Amino acid sequence: MESSFHNLDAAGFLEIWQHFDADDNGYIEGKELDDFFRHMMKRLGPQEQVTEERVQRLKKRFMSAYDITADGKLQIQELANMILPEDENFLLVFRREALLDNSIDFMKIWRKYDADCSGYISAQELKAFLGDLFQQHHKDVSADKLEEYTDTMMKIFDKNKDGCLDLNDLARILALENNFLLQFKMDACSKEDRKRDFDKIFAHYDVSKTGALEGPEVDGFVKDMMGLVRPNMTGSELDQLRAVLLCHCDVNKDGKIQRNELALCLGVKP
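Small disclaimer: the values here were computed from a predicted structure and weren't measured.

Q: Lay out the overall build of the protein in plain terms, naming residues and giving numbers.
A: On a plain count of helices and strands, the protein comes out with 13 helices and six strands. Across the 270 residues that make up the protein, the buried fraction comes to 46%. Residue pairs in contact within the protein that sit at least 24 positions apart in sequence constitute 57% of those at least 6 positions apart.

Laid out in structure tokens, this is it:
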């Protein structure tokens, strides 16, 4: 398949992605996926008859090799891995090196590159992020290439086309893993279940192991907690909700949320 896309560049890749991600949900799935592989079969063997059986066989072969998350969908990084040449496959940097395990690491990046604290990542701030990432992994990128990559990333991930990336846009770029809190039953009835869940939750967000949540630990907790009911939260909204949480939970006003403070706030006996 790779040979059929010889000389495909990032702009050409973007066209393919936008064509097949018809509902703009960040995946190629279902009928979109069948249409994609039907198109691929026509490119791979234009003289051969395209049958449903051959389409499904091709799909099975390539999904088993490239569907990293094994969810039956193609994410943009997975499609890049499938069809972009190595020197143009800058998107793989994010799959290979920037995959995040939690919202805390994500918020550290957000705070660092939202340099003007606007609640958004501008094109210039995104370029700084890309430049640092390439430098960190010893990948030489010219100024022109960095500009091109920044422009392409904005076109792919800036869903509302306002020239900025919000929290959700950056989460797609960084392939942020699922919300940690989704695994817990928020309506757990017994005291034992609630205490056990609280212990796991606090241990997850207290990455510094200080017995208190602070800085990006608070950010990560707020992002995941509010993400349960408001998945499309903006950076500005997160800041407001962070302030509300600190106001209610930070009893000793030290800018941190102690273990006992969070337990009290959530109605759990520490």
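Q: Requested: an account of the UniProt feature "domain: EF-hand" (unreviewed entry) in the protein, with residues and values cited.
A: With numbering matched to this structure, UniProt assigns "domain: EF-hand" (unreviewed entry) to residues 8-43, 101-136, 145-180 and 193-228. The span residues 101-136 carries 69% helix and 6% strand; its end-to-end C-alpha distance comes to 19 Å. The span residues 193-228 shows a helical share of 69% and a strand share of 6%, and its end C-alpha atoms are spaced 19 Å apart.

Q: Just give me the short version of the environment of Leu126, but keep the residues and values in it.
A: In this structure, Leu126 sits in helix H7 (residues 123-136). As a C-alpha pair, Leu126 and Cys164 span 38 residues in sequence and 8.9 Å in three-dimensional space.

Q: Pulling in residues and values, what's your account of the packing of H7 against helix H8 (residues 143-157)?
A: Each pair of packed helices can be summarised by the angle the axes make with each other and by the distance between the axes. One way to put it is that H7 packs onto H8 with a least axis distance of 9 Å and a crossing angle of 120 degrees. One way to sum up the angle between H7 and H8 is to call them oblique. Relative to H8, H7 is oriented so that their crossing is right-handed. Across the interface between the two elements, Ala123, Leu126, Lys127, Leu130, Gly131 and Phe134 from H7 touch Leu146, Glu147, Tyr149, Thr150, Met153 and Met154 from H8.

Q: Please set out the state of the cysteines residue by residue, giving values where relevant.
A: Summed over all chains, the structure comprises one disulfide. Put simply, Cys249 and Cys265 are joined by a disulfide, and their sulfur atoms are 2.2 Å apart. Taking the sign of the S-S torsion, -70 degrees for the link of Cys249 and Cys265, the bridge is left-handed. Here Cys249 is found in helix H12 (residues 235-249), whereas its partner Cys265 is found in helix H13 (residues 259-266), with 16 residues between them in sequence. Judged by relative accessible area, Cys249 falls into the buried class, the value being 1%.

Q: Which residues make up unusual backbone geometry, and what are the values?
A: Of note, the phi angle at Cys117 is positive, near 55 degrees, even though the residue is not glycine. You can see Cys117 is positioned in the loop between helix H6 (103-113) and strand E3 (121-122).

Parameters at a glance
Residues numbered from 1 in each chain as written. Predicted model: local features only at pLDDT ≥ 70, side-chain atom pairs only at ≥ 80, totals over all residues. Heavy atoms only, no water. Helix = DSSP H or I, 4+ residues; strand = E, 2+ residues; numbered from the N terminus. Buried < 20%, exposed > 50% of the residue type's maximum accessible area, 1.4 Å probe, protein only. Contact = heavy atoms within 4.5 Å. UniProt positions renumbered as here; feature names shortened; annotations may be inferred. Axes fitted to C-alpha atoms, helices over the stretch in contact; angles between N-to-C directions. Parallel < 35°, antiparallel > 145°, perpendicular 65-115°, else oblique. Left-handed = near helix turned anticlockwise from the far one by under 90°. Disulfide = S-S within 2.5 Å.

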